[in-house]
Structure formats: structure tokens, C-alpha cells
Amino acid sequence: MKIINNQKGYTTSIILLLLLIPLLLLLTITIDEYSHEVDNTVENLQTKKMKSTTQDFENEIATITKQTLHDTTLEVITRKQALTNSKKYIKDKIQSKIDTIEQKQRKNNINIECTVNEIKPADDPFKIEIHYTLHVTTNNSNSKIQKEENRHIEITDTKYPVYDPLPTLKTRATFTDSKVEYTDKLANYITINNSNAYLNSTQHVTIKKCPINDYSQHGNSNITIKNCLNNHYYHNSHDGLCLLCRLENRTTCEHYGFETFILPTEKFDKAPASIDHVLLNDQQGQYEGNNITIDNNTIIYLDNGHKIKYGL
Amino acid sequence: MNNKGQIIITDMLLYLIILTVILGIIVYTTSTLNDNQVTRTNNKQIKNILEDTLSMLTKTSGTPANWQYLDTNDIKIIGLKSENSQLLNYNKLMKLKQNNQLLDELIPVNMDYSLTLYPKNNPNSKELIAGKEYLTNKKQIQSKDTTVVLDYEYKTTSFTKDSNADTCPYNHDNQWSCKTITINETLLNHGKYYIVTDALTEYVLSNTYQDNITGQTKNKININQQLEQLKCNENQTIYIHIKTNTNNTCLVYDSNNREKYLDTVIRPEIYILNLKIAT
């Protein structure tokens, strides 16, 4: 054909060029269209993955906090060494565990940056407040999640029991199997009369919240107060110390705290009141209470304030 | 073309014909591609709206999260998920059913939609929650299903045997499972307490004064009257002691008068939530 076989060639080249340009343009548009669709699908998948990873991560923060509180209280009790700044210690421990998870997530192309800003006692003494900032991005997408959260974490989860460190820190008594055997240590620690009422007493130190909300009902029957004593429940108290102050071996606490009964072993008419923050207080903070006989084997000593509180 | 480089008229005609044919193909292809693009973009847009709306409805609780109890003017955005679980809130579904405009705001004006719910094992029993029942005379309809379980807003406490559980005032052995609740006049007036189970269950209800009432059930029983008898204080602590061979026993508090759905506490029913969007 002459179109292809002309002798000079220039007309054919121009026509071929004219034909090739739109073809190339069409090809580019089609490729771009499909590439854009693939990009969009990838972006959607990444965003979904990021959201679900963030949700899982946040659930894990609650578990990490509970685990850390369990480990920390156990460590303090075992070492019998108080923390100088419990908030910072727990915050750093949680942060370090979070950092480990962040590194694992980076392998999945999800960049999580979570900063624990603060740990403090919540208004409910059986909870701890954690404040954190979360920044999540992925390598393959422009989406990001950024938020600040305040969460209240329960310290009474039976999966991660939290122990009361105050008895061992104050008296140096031995902790075994969730309880403290005081031998003569508590009696020696108490500086007021009839401290021998607490010779060889035992205290279970797993923090469990008393299920009776109206504390005055403890006195409705012996069986009710005995059930509370047998289960070693803790109760809300303005005078009691919060968990974080207990870890620092304090005597007073500006937060709303909790208290529990310590059962005496000897019977007197009057003896130091059987409340932990009274017995484990300093000399000025200890006071006595009157004998309350629950049954042949169980007595406690309470001052008027606590008698009214527990309806006894 | 001759030897002098001039174009011969027949060659020229051939060029023009071929050029016209090629240009025609190009124009046709471009136009088809554009049409396809527009259709695909529309499809994609509908698909995105469908997926986003369904995802928002089933995975978020809305703002405020308790919007099912608020006036429609106070609702910013809806979501059907319960606040503290992944289940779909029945009260939110009913609020949406009565106020379709809440979902209208999320779907573009030129699109029709239909949100229906039906039990997975009974697809014929469809209930229209929002939108139009039939989407007729429409060019395109896209549909998406999602599996959901409904939350009827019962407050449930499960009685599972736990060897590490605290002792109860009656020092029951491990054949029993015992829980503590606090009741008051308001709770008893505004709702009903039930023991729900799937096997013969003995129960003892006791208060802090050692008063107790015993009973048994194989299915469900309303215990409000018995609790009323045991209530001696404003906020009375009640111990519920359960002896049964099944782990499927719960204490349920129902403040919405929905006795007929109580069985779902033990055997949750799976539903399909379907959203159709049409243009």
C-alpha cells in the first residue's frame, strides 16, 4: 500500500502520529481510572482496619491498667517497699506496656501513638481514672484518628485482683495467699490500750467492694454483718485512704477512699476500733471502740461514728 | 503519493476514510467510556452511601447516645447500636420507626430508601423500619444486609457457678450461685424483676433481716411481689440464691414491659437488617 510504502514517508508519519496521540491518551485515562478505583478500595480497607484496630487497642488499655494495678500492688506487698510517686510509677508502667503493643501494630502498618497523660483516683474509690491521648495513622492511607479519652477503670475485677498494700507497708507483716498474717506485728504497731486484741489476727487484702449499698443494713442481722466480715469487703470512706495513697504508705489522703474491718482475736470491753485506717494510722489517729459481739467466735470494736455508719 | 511528494487523490481519499473510521472509533470509545464512568461513579456513590449509612446505623450509638429518649429536635445524628454493647437497641429502632425523618436527613433527596428488619430464620416476617416499602420505577436499586442481635434494654445478671465467688450469708455450697441486688420503690414501680432460665431452678430470695422466700421455675418468673414483701428499707439489699443444673439462668430487670422477648436473654434471636437505596 502506498500509505506505508511511499518513498518520502513524511505524510504517513504525521498521520500515524495523529492516530497514536488520542490512542495513547485513551489508554492513559483508562489506566488512571482503574488505578484510582484500586486506590480508593485500599483507602477504605485501611480506614476500616484502622478503626477496628483502634477499638481493640482501647479495650486493651483497660486490661493493661487492671493488669498493671494487680502487678504493682503485688510487687509493693512482696517487696514491702512503698512507692514514692504511685501515679507516676503506674503511669510509666502502663505507658511501657502500651509502647510494646504500638511496636507490634507498626508491623501491621498501623502507627499508634498513645500517651498516658495522667493516672488519678476517680470519684468512686473502687475505680482509677486514666487520661490518654491517641493518634492513629496508617502507612497506606491519609486517614487518621486523634482523640483524648478519660476512662474509669474498676479495681475490683476478679480476673486481676488488686491487693491492699497498707497492712504490709505499715506493719511489715507477711503476705501469703491473698492475706496478711499479722502475728504480733499489728499489736505492736498499735500504740493505744488493749492492742493485744489484734494478736495473731489475719486480714484478707484483696480489694472487694461490699455489695450492700446502704451500709446501715449491715446491722439488720448478725448473718448480714458476718457475711461482710467473712468476705472481707471494703467500703467507701471519707477517712479511708485511696489505693494510690495506700501504695505510697500514707497515713492521710485527700481523696475519697475506702476502709475495711480487721477482725480482732481477743475480747475486751474496749479496744482499738477494728477499722483499717484507724489501726494502721499514726499514734494520734488511733482510737478505741466498744465491743460488739456478732457471735461466739466473732467480735469487733467500733466507735459511735462507725456503729452508726454500719447500723450496729 | 507520486515521486514528487504530491498526494494522489485516491490515496488522499483512502487516508480520509481510514482517518474518519479511526476518529469515529475514538469518539465512540470516549463517549462509551464516559458513560461507563458516569454509571460507575453513580453506582459507587450509591454503594458508598449504602455502606456508610448501614455501617453508621449498626456501629454507632448516635449523638447524643441516648437519643431514643429525647425529642427529635434534640437529636444530632442517629445510630442504632446500644451504648454499652454491640447489639442493636430495640428502643432506637422503634423511635426511628415512628420518626422516619431522622434517617431521611442522611439519604440524598433524589434517592429513595427502605430499611427493613426480619428474623434470619423467617425472612417473610419483614418489618419496615423506615422509608418506602416498595421501591418501584427506579433505574438502579442497591441493597445490603447485615446480621444483628437486638437489645431490648433488659438489665441482666447471669448466675454462673464460680468456685472463687464470695460466700453468701447462708454459706451455700458450690451447687448454688448467689448474687446481691439493691431494690427500692422506684425500681419496683418502674419495672419488673424476672428469673429467666431454661431448666428447673430453685431459688431463695432473702433480705438483710434473714427473711426469705423460696420458689422454683422452669422458664421465667416475675419476682416483684416477693421482692416487695422482703423490702424493709428504702434501699433494701436482697440476696438471690439460685440452685440449678444449667448455666443459662439470669436475673432480668425489665423497665419497658417487654415480657414476650424475655426468652431472647437465654437464646438470642438473630435478625437481618436490610437497607435498600434506589435512584
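Since we're looking at a predicted model, the values are computed, not measured.

### Let's talk about the overall build of chain A
So, step 1. The secondary structure content of chain A amounts to 9 helices and 11 strands.
So, step 2. Taken over the C-alpha atoms alone, chain A extends approximately 130 × 35 × 30 Å along its principal axes.
So, step 3. Within chain A, the proportion of its 312 residues that are buried is 47%.
So, step 4. Taking as baseline every contact in chain A between residues at least 6 positions apart, the subset at least 24 positions apart corresponds to 60%.

### Concerning the nonpolar core
So, step 1. One finds Ile155 and Leu243 of chain A to be the most contacted residues of the largest nonpolar core, which totals 56 residues.
So, step 2. Taken together, the elements giving at least two residues each to this core come down to helix 2 (10–79), helix 3 (86–106), strand 1 (110–121), strand 2 (127–138), strand 3 (144–154), helix 4 (166–171), helix 7 (243–247) and strand 11 (298–302) of chain A.
So, step 3. Here the element with the most residues in this core is helix 2 of chain A; it accounts for 8 residues.
So, step 4. Split by domain, this core shows at least three residues from each of two domains, domain 1 (44–154) and domain 2 (166–309) of chain A.
So, step 5. In terms of nonpolar packing, the next biggest core, distinct from the first, is built from 38 residues, Ile46, Leu102, Val148 and Leu150 of chain B among them.

### A closer look at the pairing of strand 11 of chain A
Residues and elements named next belong to chain A.
So, step 1. Across the 5 residues that make up strand 11, a large majority, 5, are buried.
So, step 2. Side chains of strand 11 alternate between two faces, with Thr298, Ile300 and Leu302 and Ile299 and Tyr301 buried alike.
So, step 3. When strand 10 (residues 288–295) meets strand 11, the two strands line up antiparallel, connected through 5 bridges. Its bridge partner lying in strand 11, Thr293 is registered against Ile299.

### Remarks on the side chain of Lys81 of chain B
Residue and element names in this part refer to chain B.
So, step 1. Position of Lys81 among the secondary structure elements: in the loop between strand 2 (77–78) and strand 3 (88–89).
So, step 2. Put simply, Lys81 is tucked away with no salt bridge, and the nearest opposite charge, on Glu83, sits 9.0 Å away.
So, step 3. Other than its neighbours up to four places away in sequence, Lys81 contacts Leu57, Thr58, Lys59, Thr60, Ser61, Gln86, Leu87, Leu88, Asn89 and Lys92.

### Let's talk about the sheet that holds strand 6 (residues 141–151) of chain B
Residue and element names in this part refer to chain B.
So, step 1. In space, the 5 strands of this open sheet follow the order 3-6-15-4-5, with mixed pairing throughout. The open sheet has two edge strands with one neighbour each: strand 3 and strand 5 (127–131).
So, step 2. Pairing of strand 4 (residues 112–119) with strand 15 (residues 270–278), which is carried by 8 bridges, proceeds in the antiparallel orientation. Across the sheet, the residue bridging to Pro119 is Tyr271, located in strand 15.
So, step 3. Sitting on the sheet, helix 1 (residues 9–59) is in contact with strand 3, strand 4, strand 6 and strand 15, with an inclination near 5 degrees to strand 6.

### Remarks on the side chain of Asp112 of chain B
All names here are of chain B.
So, step 1. As for its placement among the helices and strands, Asp112 is situated in strand 4.
So, step 2. One polar contact links Asp112 to Lys132, side chain to side chain, over a distance of 3.1 Å.
So, step 3. Those residues in contact with Asp112, other than ones at most four positions away along the chain, are Lys132, Leu135, Lys138, Lys276, Ile277 and Ala278.

### Thoughts on a nonpolar patch on the surface
So, step 1. Where nonpolar side chains cluster on the molecular surface, the patch consists of Leu20, Leu23, Leu24, Leu27 and Ile31 of chain A and spans about 500 Å² of accessible area.
So, step 2. Tracing the backbone through its elements, the reader meets Leu20 of chain A in helix 2.

### Focus on the domain arrangement of chain A
Many analyses report the size of an interface as the accessible area lost when the parts associate.
Residue and element names in this part refer to chain A.
So, step 1. Here chain A is partitioned into domain 1 (44–154) and domain 2 (166–309).
So, step 2. Here the C-alpha centroids of domain 1 and domain 2 sit 34 Å apart.
So, step 3. Counting from both sides, the interface comprises 23 residues of domain 1 and, opposite them, 22 residues of domain 2.
So, step 4. Both faces combined, the contact of domain 1 with domain 2 buries some 1,800 Å², and carbon together with sulfur accounts for 73% of it.
So, step 5. Contact with domain 2 buries surface across domain 1, with Lys80, Pro125 and Phe126 losing the most and accounting together for 38% of the total.
So, step 6. Where domain 1 touches domain 2, the interface holds 0 salt bridges.

### Observations concerning unusual backbone geometry
So, step 1. A cis amide bond links Thr63 of chain B to the next residue, Pro64 of chain B, at an omega of -10 degrees.
So, step 2. As for its placement among the helices and strands, Pro64 of chain B is situated in the loop between strand 1 (62–63) and strand 2.
So, step 3. The phi dihedral of Thr183 of chain A is positive, around 45 degrees, even though this residue is not glycine.
So, step 4. Structurally, Thr183 of chain A is set in the loop between strand 5 (179–181) and helix 5 (185–189).
So, step 5. One non-glycine residue, Asn257 of chain B, adopts positive backbone phi at about 55 degrees.
So, step 6. Tracing the sequence through the fold places Asn257 of chain B in the loop between strand 14 (250–254) and strand 15.
So, step 7. Note on Asn257 of chain B: relative accessible area 58%, which makes it exposed.

### A look at the pairing of strand 6 of chain B
Residue and element names in this part refer to chain B.
So, step 1. Judged from the 2 bridges that link them, strand 3 and strand 6 form a sheet pairing that is parallel. The residue of strand 6 that forms the bridge with Leu88 is Leu150.
So, step 2. Pairing of strand 6 with strand 15, which is carried by 9 bridges, proceeds in the antiparallel orientation. Bridge pairing links Asp145 to Asn274 in strand 15.

### Details of the sheet that holds strand 10 of chain A
All names here are of chain A.
So, step 1. If you trace the 3 strands from one edge of the open sheet to the other, you get 9-10-11, paired in antiparallel fashion. Each edge of the open sheet is held by one strand with a lone partner, namely strand 9 (270–272) and strand 11. The sheet shows a mean angle of 50 degrees between the axes of neighbouring strands, direction not considered.
So, step 2. The strands touched by helix 6 (residues 222–231) within the sheet are strand 10 and strand 11, with strand 10 carrying the most contacts at an inclination of about 110 degrees.

### Here we look at the layout of surface pockets
So, step 1. There is about 1,300 Å³ of room inside the second largest pocket.
So, step 2. Of all the elements in the fold, those that place two or more residues in the lining of the second largest pocket are helix 2 and strand 3 of chain A together with helix 1 and strand 6 of chain B.
So, step 3. Among the elements that make up the lining of the second largest pocket, the one with the highest residue count is helix 2 of chain A (9 residues).
So, step 4. When grouped by side-chain class, the residues that make up the lining of the second largest pocket number 2 nonpolar, 14 polar and 12 charged.

### Comments concerning the pattern of salt bridges
Residue and element names in this part refer to chain A.
So, step 1. On inspection of all chains with the given rule, the structure shows 18 salt bridges over all chains.
So, step 2. With a shortest N-O distance of 2.6 Å, Glu58 and Lys147 are connected by a salt bridge. One end of the pair, Glu58, is in helix 2; the other, Lys147, is in strand 3, and 89 residues separate them in sequence.
So, step 3. By relative accessible area, which is 9% here, Glu58 ends up buried.
So, step 4. The class of Lys147 is partly exposed, set by a relative accessible area of 29%.
So, step 5. We note a salt bridge from Asp92 to Lys88, for which the minimum N-O separation is 2.8 Å. Here Lys88 and Asp92 lie together in helix 3, a separation of 4 residues that amounts to about one turn.

Reading the values: the criteria
- Residues numbered from 1 in each chain as written.
- Chains lettered and ligands numbered in written order.
- Predicted model: local features only at pLDDT ≥ 70, side-chain atom pairs only at ≥ 80, totals over all residues.
- Heavy atoms only, no water.
- Helix = DSSP H or I, 4+ residues; strand = E, 2+ residues; numbered from the N terminus.
- Buried < 20%, exposed > 50% of the residue type's maximum accessible area, 1.4 Å probe, protein only.
- Contact = heavy atoms within 4.5 Å.
- Core = buried A, V, L, I, M, F, W, Y, C linked by side-chain atoms within 4.5 Å.
- Domains from an automatic or database assignment.
- Pairing = 2+ DSSP bridges.
- Lys, Arg positive; Asp, Glu negative; His and termini not counted.
- Salt bridge = Lys/Arg side-chain N within 4 Å of Asp/Glu carboxyl O.
- Axes fitted to C-alpha atoms, helices over the stretch in contact; angles between N-to-C directions.
- Polar contact = N/O pair within 3.5 Å; in protein donor to acceptor, adjacent residues only side chain to side chain.
- Patch = residues over 30% accessible without salt bridge, like charges linked within 9 Å, V, L, I, M, F, W, Y side chains within 5 Å.
- Areas by Shrake-Rupley, 256 points an atom, 1.4 Å probe, with all protein chains shown as cover.
- Buried area = accessible area lost by both parts, 1.4 Å probe.
- 1 Å grid on protein atoms, 1.4 Å probe; cavity = no way out; pocket = protein on both sides within 12 Å on 5 of 7 lines; lining within 4 Å.
- Points joined across faces, edges and corners; volume = space filled by probe spheres on them.
- Nonpolar A, V, L, I, M, F, W, Y, C, P; charged D, E, K, R; others polar.

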